[in-house]
Amino acid sequence: MAKSPRVIIIFLYLLSMLLSPGAFTQAQDGVQADGEVRDYRAQAQALLDELTVTEKVGQLFLVTFRGTSTGAGDAITDLVLRHKVGGVVLLAENDNIQGGGEETPLQVAALTNRLQEIALVGEAAVVTDTISGEDGDAAADPANAETEAAEPGTPIPLLIATQQEGDGPPFSQIRGGVTELPSSMAVGATWQPSYAEEVGRISGREMAALGINMLLGPSLDVLEQPNPSSPSDLGVRTFGGDPYWVGLMGRAYTTGVHDGADGRVALVARHFPGRGSSDRPLDEEVSTVRKSLEQLKQVELAPFFAVTDGEPGLGSVTDGLLVTHIRYQGFQGNLRDTTAPVSFDPPALQTLMSLPEFSAWRQEGGILVSDALGVRAVQRFYDNSGQEFPHRHVAKDALLAGNDLLYVDKFAFEADDFDSQLANLLDTITWFQERYLTDPAFQQRTDEAVLRVLELKLRLYDGDFSPENVQIDPALLDEQLRQREGAILNLAQDAITLISPSQGELQERLPRPPGPGDQIVIFTDVRQGQQCSDCTPQPYISQTSLEERIMALYGPEGSDQITAEHITSFSFGDLTEFLDAGPGPVPPPTPEPELTEETPEPGESPEATPTIDYSPEFQVQSALQSAEWIIFVTLDVTPNIADSYALKRLLAERPDIVRNTRTLVFSYDAPYYLDTTEVSKLTAYYGVFSKQSAFIDASARVLFQEASLRGASPVDISSVDYHLFEVTQPDPAQVIDLFLLRDGSPEAPPSEEPMELVVGDTLRLRTGVIYDHNGQPVPDGTPVQFIQQDRLQGFTSVIGERPTQNGVAEIDYVLEARTGQFRITAAAGEATNSQQVDVAIGDNVRVVLVTLTPAPTPLPTNTRFPTSTPSPSPTPSPTPTVTPTPVPPPPEPRIEIFLPDLFMLLGVIGGLSLTALAAVFITRLTGNGDPHLLVRLVGFGFVGGLLLYNYFALDLPGTEWLSNLGSLAAVVTTGLGGVAGILVGWRQPDQKELSRRQRSAGD
């Protein structure tokens, strides 16, 4: 009965928690509360039970379409209205996105609203639109509309998906009117997940504002070994080449998307299970990767583990995975076994989904989306002869393998034959409906997939499928778009990276920025893209982009450091023409007379005005003759674009041009396209990683030495011997912080005041953040050794090895019943210096933290880039003297004696003193007072006493009970050992006795 009041109090507390407003709000959110996730599933099940076969089958398909028209006679209207497709994908190549300017967001918003209206309102929306004639001639004329009425159905919103990976075209579909997002590799070069989260937040906010509720991205591929010559080169589409950092960036980006969109944009991470090691693109054939499942878990799958650690609906957890078409050799360990493409292989895909890192996510509603089912890789896998495309079986195999959404694009042999694609899609949908009615296994798999799709849609719209909740308000676009462009500018300045030479050597090569009288020649890789087929082509980077930004910042309207007549800009095409003209001088063109427009007087001949048409090669030659700075604005190097080789050709064919100039390269794509010889001919080589305007601005600031160059490449660059594996190892120059945790909180800074503990207590030791060579926390799983040194005996042992988590490692250390002095340190790889924990165990336990040298504050630096790269630099200018940073002297050696150790020493001295007194007493007791006997007894006594004490000090068997005596144990062991030694010595005959015995034996 005594416990009754306590039980009542606990009951009332729990009741108040259940009825509190916070608990009720959390249950309503459906984001973090388990109960609400289950409620969405129940709603999805109830909704599934109401659907017709047509509606169920339609929800499986994520389709593409052409144009923007959504009238009664249009294919997309028919697919949504009558075949109940579950979603659409908006792509620039299909002309779904028009303009490419400031008007583009309004067009996209109108299209997404219209598509959702058709899905939710149904036939009435199409009839209204047909009467109003909003969608062109076909829609304006009711006679052109299909007469077959669509069956009434359950209103379910569409998934409207697109790609918006950043870095503009071709992998960002919406080009104008939205924030220019950086490439994934540019984000990776900052090594700051906060930037990935901010970019995701901007993307999520803007996509939700446009009515797009599904992002096919980001790419979580690991570019482990860059291969610039491979047609499957991923370039800047990946966050980098380290699995841990790709996962960290991907998780932060996912959090940002969900936060920016308020949970109304689903994110589908691609390309699962990872195509970073693939050797060919999907538009050729299926790539085969020779890796076992265990190898995949260590590299390719690791980033996907990071974004599936939880249930869908949590901010940092992806809603889906896009399963790509890659097959694996040796997947289950046998190198002779090759899977089908994972997207079509049920055992392989189910094996992956059964991994602990995915199984919980899958059980809680995680969705699998197939990669495009009509790409050439799939066509050649099913029929390498190119005679037939079995569209039915392709879609069926993808569904039965485990994909929940079937992404149907290029669904015919002819990628441009949309009529054939549409026919194949409609035939597949009809065949699926028939199979659903006749095949129970197919029906079960379909219901499972549709249930996941419905649950995702309910989660996106919080269970409310009303048009008012689903559609967006275009009037709000101005306040929702392009609101965080300053953050992208900051990111660009933190991403730009000095690849070669080292920072110190750069100061010698470029002691000053361009001056007022310096001639600057800029060559730009000018490539163009279109927002739509009828849109005006626009360059990714215009020929004068860098020049314009230089003039804006440093021209007469800026800091007045440069004038327009001293900068000349050319394209890579101009440079190619100059190189094609050969190594000799290009002759000047001959002036051609041109008649003046003035009418001559009668009898006079028309006067000719000579004009000169300077060829590009002659203009390039003239500019290079006086150039003091040559700057290259580069993209990737690809075989199908001849001008992309212009820089490589110049360095190989005309090295004399760059020998006496300051030659700088700004790479706006991946940084590994130049080889070692080519880099050696440059004055400086910078990685910019993205071609957006903010990165052009950052490049101009770097040229005029106003940038800090804090970035570091997130991928290997073999030409400068930069390897991520080495860069991400612990920096040996650091002093690892080591903390004692008291009540869960570490001591910081470490206290010199000792902790009073008892034997059997547990010390929790935690390192500070351990940094790599770039000044970033080491990847999770980096092993850290905790080392114990016996300061009396000199023995060293590893008491435990623990992996890092967020750069930190912990260990629990139990204080054993062993008297002595011990020192504990931490080491990680080549980083072997750390703070120290000194432990003295005697009558009590005293623990002290000792700091040898303050740990340096790490800064991101390019410490693994080569210290020098030979380059033909211009005539050296006076350089400022660099004062070396003084290195703190090593700590002076010292001997530390703790109080328990002093008591133990006094105990030994006391025991030896008692031994000596006992020897004197026994010598006198024998009556002869022989000094030789006294020396012998003292010697034997001291040896015996010290032997027994050492037996105790080494904690050998039988000495446990002595530990409780504290310092008295030294007196007892030394005394007892001394008495035993005296007895042994007393029984030994002296020299006189030995002589007498020898004489007796001789007689």
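Let us look at the structure shown here. Model, not experiment: these values are computed from the prediction.

**Side note on the pattern of salt bridges**
On inspection of all chains with the given rule, the structure shows 40 salt bridges. A salt bridge links glutamate 294 to lysine 297, with the shortest nitrogen-to-oxygen separation between them at 3.4 Å. On the criterion of helical spacing, the pair formed by glutamate 294 and lysine 297 is a turn pair, its members being three residues apart in helix α12 (residues 293–298). Taking the relative accessible area as the measure of exposure, glutamate 294 reaches 47% and is therefore partly exposed. Here lysine 297 falls in the partly exposed class, since its relative accessible area comes to 25%. Notably, a salt bridge pairs aspartate 697 with arginine 549, separated by 2.6 Å at the nearest N-O pair. Of this pair, aspartate 697 sits in helix α30 (residues 693–703) while arginine 549 is found in helix α24 (residues 545–554), placing the two residues 148 residues apart along the sequence.

**What about the packing of helix α25 (residues 572–580) against helix α27 (residues 646–653)?**
Running from N to C, α25 and α27 cross one another at 35 degrees; their axes reach a closest spacing of 9 Å. As for the relative orientation of α25 and α27, their crossing is left-handed in sense. Together, Phe572, Leu575, Thr576, Leu579 and Asp580 of α25 and Ala646, Leu647, Arg649, Leu650 and Glu653 of α27 make up the contact between the two elements. In terms of residue class, the contact of α25 with α27 is made up of six nonpolar, one polar and three charged.

**Looking at helix α11 (residues 243–260)**
Here α11 is 18 residues long and its end C-alpha atoms lie 26 Å apart, about the 26 Å a rise of 1.5 Å per residue gives. Most of α11 is tucked away, with 14 of its 18 residues classed as buried. Its side-chain oxygen at 3.1 Å from the backbone nitrogen of tyrosine 244, aspartate 242 defines the N-terminal cap of α11. Of the residues trailing α11, aspartate 262 is marked for its positive phi of about 55 degrees.

**A short note on the environment of methionine 353**
With respect to the secondary-structure elements, methionine 353 resides in helix α14 (residues 346–353). The spatial distance from the C-alpha of methionine 353 to the C-alpha of glycine 402 is 9.2 Å, given a sequence separation of 49 residues. Non-local contacts of methionine 353, meaning those with residues more than four positions away in its chain, are made with Phe272, Leu321, Phe358, Ser359, Trp361, Arg362 and Leu368.

**Examining the packing of helix α22 (residues 485–495) against α30**
The N-to-C vectors of α22 and α30 enclose an angle of 50 degrees; their axes lie 8 Å apart at closest approach. Our classification of the angle between α22 and α30 gives oblique. Pair α22 / α30 crosses with right-handed handedness. Between α22, through Ile488, Leu489, Leu491, Ala492, Gln493 and Ala495, and α30, the contact on the second element is made entirely by Ala694, Phe695, Asp697, Ala698 and Arg701. For the contact of α22 with α30, a count of residues per class yields eight nonpolar, one polar and two charged.

**A look at the packing of aromatic side chains**
If you walk through the whole model with that rule in mind, you get 20 aromatic pairs. For the ring pair tryptophan 191 and tryptophan 245, a centre distance of 5.0 Å and an interplane angle of 75 degrees mean the geometry is edge-to-face. Remark: tryptophan 245 occurs in helix α11 and tryptophan 191 occurs in the loop between α9 (184–190) and α10 (193–209); sequence separation between them is 54 residues. A residue is classified by how much of its surface remains accessible, and tryptophan 245, at 7% relative accessible area, is buried. Three or more aromatic residues joined by ring pairs form one cluster here, namely Phe61, Trp431, Phe432 and Phe442. Positioned over the ring face of phenylalanine 171 is arginine 237, at 3.7 Å from the centre of the ring. The ring of tyrosine 540 has lysine 691 sitting right over it, with the charged end atom 5.0 Å from the ring centre.

**Re the environment of glutamine 350**
Looking at the secondary structure, you find glutamine 350 in helix α14. A relative accessible area of 41% means that glutamine 350 is categorised as partly exposed. Spatially, the C-alpha atom of glutamine 350 lies 7.2 Å from that of glycine 402, the residues being 52 residues apart in sequence.

**A short note on the sheet that holds strand β19 (residues 662–667)**
If you walk across this open sheet you meet the six strands as β11-β20-β19-β18-β12-β15, and the pairing is mixed. Where the open sheet ends on each side, the last strands, each with one partner, are β11 (497–500) and β15 (567–571). For this sheet, the mean inter-axis angle between neighbouring strands, taken without regard to orientation, is 20 degrees. Bridge count for strand β12 (residues 520–524) against strand β18 (residues 629–634) is five bridges, and the pairing is parallel. Note that in β18 the partner of isoleucine 520 across the bridge is tryptophan 629.

**Topic: α24**
With seven of its ten residues buried, α24 lies for the most part within the structure. Buried residues in α24 make contact with β12, β15, β18 and α30.

**As for unusual backbone geometry**
Here proline 169 and proline 170 are connected by a cis peptide whose omega angle stands at 10 degrees. Note on placement: proline 170 falls in the loop between β3 (159–162) and α9. With an omega dihedral of -5 degrees, the bond running from arginine 270 to histidine 271 counts as a cis peptide bond. Residue placement: histidine 271 occurs in strand β5 (residues 266–272).

Conventions we followed
- Residues numbered from 1 in each chain as written.
- Predicted model: local features only at pLDDT ≥ 70, side-chain atom pairs only at ≥ 80, totals over all residues.
- Heavy atoms only, no water.
- Salt bridge = Lys/Arg side-chain N within 4 Å of Asp/Glu carboxyl O.
- Helix = DSSP H or I, 4+ residues; strand = E, 2+ residues; numbered from the N terminus.
- Buried < 20%, exposed > 50% of the residue type's maximum accessible area, 1.4 Å probe, protein only.
- Axes fitted to C-alpha atoms, helices over the stretch in contact; angles between N-to-C directions.
- Left-handed = near helix turned anticlockwise from the far one by under 90°.
- Contact = heavy atoms within 4.5 Å.
- Nonpolar A, V, L, I, M, F, W, Y, C, P; charged D, E, K, R; others polar.
- Expected span 1.5 Å × (residues − 1).
- Polar contact = N/O pair within 3.5 Å; in protein donor to acceptor, adjacent residues only side chain to side chain.
- Parallel < 35°, antiparallel > 145°, perpendicular 65-115°, else oblique.
- Phe/Tyr/Trp six-rings, centres within 6.5 Å; stacked < 30°, edge-to-face > 60°.
- Lys NZ or Arg CZ within 6 Å of the ring centre and 35° of its normal.
- Pairing = 2+ DSSP bridges.

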